[in-house]
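Structural description and commentary
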Amino acid sequence: MTTLLTIALIIGAALILMHLWTRRLTRMGAQFVPQPGQILRVNGGSIHYVEQGDPEKLTVVLIHGLTGQLQHFTYAMTDLLADDFHVIAVDRPGCGYSTRDHARLATLPEQARMIHEFLEAKGVSQAILVGHSLGGAVSLAMALDNPERVRALALLAPLTHRVPSTPAIFKALEIRTEWLRSLIANTIAVPLAKTTAPHVIDEAFAPEPAPSDFLDRAGGALGLRPSAYITGSQDLAGVDASIDAQSQRYHELKVGGAILYGAEDPILSPSQQGAPMVEYGLSFEQLENRGHMIPLTAPEACAEFVRRMANASQSSSKPADSAG
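Now for a description of the structure that goes with this document.

Cut-off values and rules
- Residues numbered from 1 in each chain as written.
- Predicted model: local features only at pLDDT ≥ 70, side-chain atom pairs only at ≥ 80, totals over all residues.
- Heavy atoms only, no water.
- Helix = DSSP H or I, 4+ residues; strand = E, 2+ residues; numbered from the N terminus.
- Buried < 20%, exposed > 50% of the residue type's maximum accessible area, 1.4 Å probe, protein only.
- Contact = heavy atoms within 4.5 Å.
- Areas by Shrake-Rupley, 256 points an atom, 1.4 Å probe, with all protein chains shown as cover.
- 1 Å grid on protein atoms, 1.4 Å probe; cavity = no way out; pocket = protein on both sides within 12 Å on 5 of 7 lines; lining within 4 Å.
- Points joined across faces, edges and corners; volume = space filled by probe spheres on them.
- Nonpolar A, V, L, I, M, F, W, Y, C, P; charged D, E, K, R; others polar.
- Right-handed = clockwise from strand over helix to strand, strands pointing away.
- Core = buried A, V, L, I, M, F, W, Y, C linked by side-chain atoms within 4.5 Å.
- Axes fitted to C-alpha atoms, helices over the stretch in contact; angles between N-to-C directions.
- Parallel < 35°, antiparallel > 145°, perpendicular 65-115°, else oblique.
- Left-handed = near helix turned anticlockwise from the far one by under 90°.
- Phe/Tyr/Trp six-rings, centres within 6.5 Å; stacked < 30°, edge-to-face > 60°.
- Pairing = 2+ DSSP bridges.
- Expected span 1.5 Å × (residues − 1).

This part covers the overall build of the protein chain. The helix and strand inventory of the protein chain stands at ten helices and nine strands. Counting across all 324 residues of the protein chain, residues that qualify as buried make up 54%. Nonlocal contacts in the protein chain, meaning residues at least 24 apart in sequence, comprise 80% of its contacts between residues at least 6 apart. Approximately 13800 Å² of the protein chain is accessible, and the part contributed by carbon and sulfur atoms is 57%.

Shown next as structure tokens:
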């Protein structure tokens, strides 16, 4: 009995120490990456966003991927697009400085609904949706559920179908029980993320080098928060619960556009995720010798890709909307 009590006390003390370390790292993350934009409340949470360019021009909406934040786009892409477009980069619900009220809102249709409500509140219609990775799946959900609101899709390394297995760098997020997510998030997850960050970042950017300022300028330090772990874990479960139903609806897709992949993407397979979407009206392109994080490593090529999709949509028969 004494031995069991001693073990329990040691475990309890370790968890308390890890929790205190987590709180310290969380404060550091917020100091590294302060809130850059504004927040708008929607049903089920709030959307944090950064807005650039002339609101009278065609709107481009940028939606980031799993465990990311809008700084993946403000790192370079928004500046490259802002002269020609009204540009809005959003934190997906629960990510960065956005919020969501519960785990049920992690499914693709719910995330799409929340961002759609945000765009309605902003008076934006007929936007070009630029979704990276998981943001690509959310963009597709928006195009399926509200096609009249989307002018075109310009998807960057998007998730479109179920993957055979979770990429190795996201395996630690495979927790389905909410209380266990919270326990892990507030004890071991953040210190572990801090320790493994160099390896995880290298894996995410392979075969390209990661930017040396990824943690601050690209917002990576925001991952050093319990909420980031919880949201990422919920996102994995939300995708698992909704991606099959979504992929079975792609024959309904009425919105045109294209997909751009890094040919050497180690996270999502271009041949399994990008090429099959040609059947549903989206063209497919690849950048040689590029990986998954092309918004950060190839911003000029990505911006030019978005510009081509926007120009193609404006020259089509769909009427333009000068208000966005």
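So much for the structure itself; the text now carries on.
Summed over the entire model, instances satisfying the criterion amount to two cavities of 30 Å³ or more. Each pocket or cavity is described by its volume, and for the largest cavity that value is around 80 Å³. A breakdown of the residues in the lining of the largest cavity according to their chemical character gives three nonpolar, nine polar and two charged. What the second largest cavity holds in volume is close to 60 Å³. Along its surface, the second largest cavity is lined by His116, Leu119, Val124, Ser125, Gln126, Ala127, Leu129, Met142, Asn146, Arg149 and Val150. Mapped by element, the contributors of at least two residues to the lining of the second largest cavity are helix 4 (108-121) and strand 6 (127-131). A per-class count over the lining of the second largest cavity returns six nonpolar, four polar and one charged.

Burial analysis of strand 7 (residues 150-156) places seven of its seven residues in the buried class, the great majority of the element. In terms of handedness, the path from strand 6 via helix 5 (residues 134-145) over to strand 7 forms a crossover that is right-handed.

Here we come to the environment of glycine 256. Mapped onto the elements of the fold, glycine 256 is located in the loop between helix 7 (226-247) and strand 8 (257-262). Spatially, the C-alpha atoms of glycine 256 and alanine 152 are 5.3 Å apart, while their sequence positions differ by 104 residues. Those residues within four positions of glycine 256 in sequence are excluded, and the remaining contacts are Ala152, Leu153 and Leu282.

This part is about the nonpolar core. Counting residues in each nonpolar core, the largest one holds 63 residues, and the members touching the most others are Phe118 and Leu153. When residues of this core are assigned to their parent elements, the largest contribution, eight residues, is made by helix 5. If sequence neighbours within four positions are ignored, leucine 153 has contacts with Leu129, Ser139, Leu140, Ala143, Val255, Gly256, Gly257, Ala258, Leu282 and Met309. Grouped together as the second largest cluster of nonpolar side chains are 27 residues, Val87, Ala152, Leu260 and Cys302 included.

What follows deals with the packing of helix 5 against helix 7. Put simply, helix 5 and helix 7 touch, their axes get as near as 12 Å, and they point 45° apart. On the basis of the axis angle, helix 5 is oblique to helix 7. Between helix 5 and helix 7 lies a crossing whose hand is left-handed. Of the residues in helix 7, those touching helix 5 at Leu134, Ala137, Leu140, Ala141 and Leu144 are Asp235, Val239 and Gln246.

A few words on the packing of aromatic side chains. As enumerated under the stated definition, the model contains four aromatic pairs in all. Where tyrosine 49 meets phenylalanine 118, the ring centres are 4.9 Å apart and the plane angle is 55°; that geometry is what we call tilted. Separated by 69 residues along the polypeptide, tyrosine 49 in strand 2 (residues 45-52) and phenylalanine 118 in helix 4 bring together distant segments of the chain. Considered together, tyrosine 49 and phenylalanine 118 belong to a single accessibility category, that of buried residues.

Burial analysis of strand 3 (residues 59-63) places five of its five residues in the buried class, the great majority of the element. Direction of pairing for strand 3 relative to strand 4 (residues 86-90): parallel, over a ladder of five bridges. What sits directly across from valine 60, in strand 4, is valine 87. Here strand 3 pairs with strand 6 via four bridges, running parallel. By the bridge assignment for strand 6, valine 61 is matched with leucine 129.

Let us look at helix 7. For helix 7, spanning 22 residues, the distance from its first C-alpha to its last is 31 Å, which sits close to the expected 32 Å at 1.5 Å a residue. Among the 22 residues that make up helix 7, 16 are buried, leaving the element largely enclosed by the rest of the structure.

Turning to the side chain of serine 133, a few remarks are in order. Mapped onto the fold, serine 133 is located in the loop between strand 6 and helix 5. Judged by relative accessible area, serine 133 falls into the buried class, the value being 9%. When near neighbours in sequence (up to four residues on either side) are disregarded, serine 133 contacts Gly65, Leu156, Ala157, Pro158, Leu159, Leu268 and His292.

Turning to unusual backbone geometry, a few remarks are in order. In the segment running from alanine 206 into proline 207, the intervening peptide bond is cis, with an omega of 5°. When you line up the elements, proline 207 lands in the loop between helix 6 (178-205) and helix 7. A positive phi angle is found at alanine 157, which is not glycine, with a value near 45°. Along the chain, alanine 157 turns up in the loop between strand 7 and helix 6.

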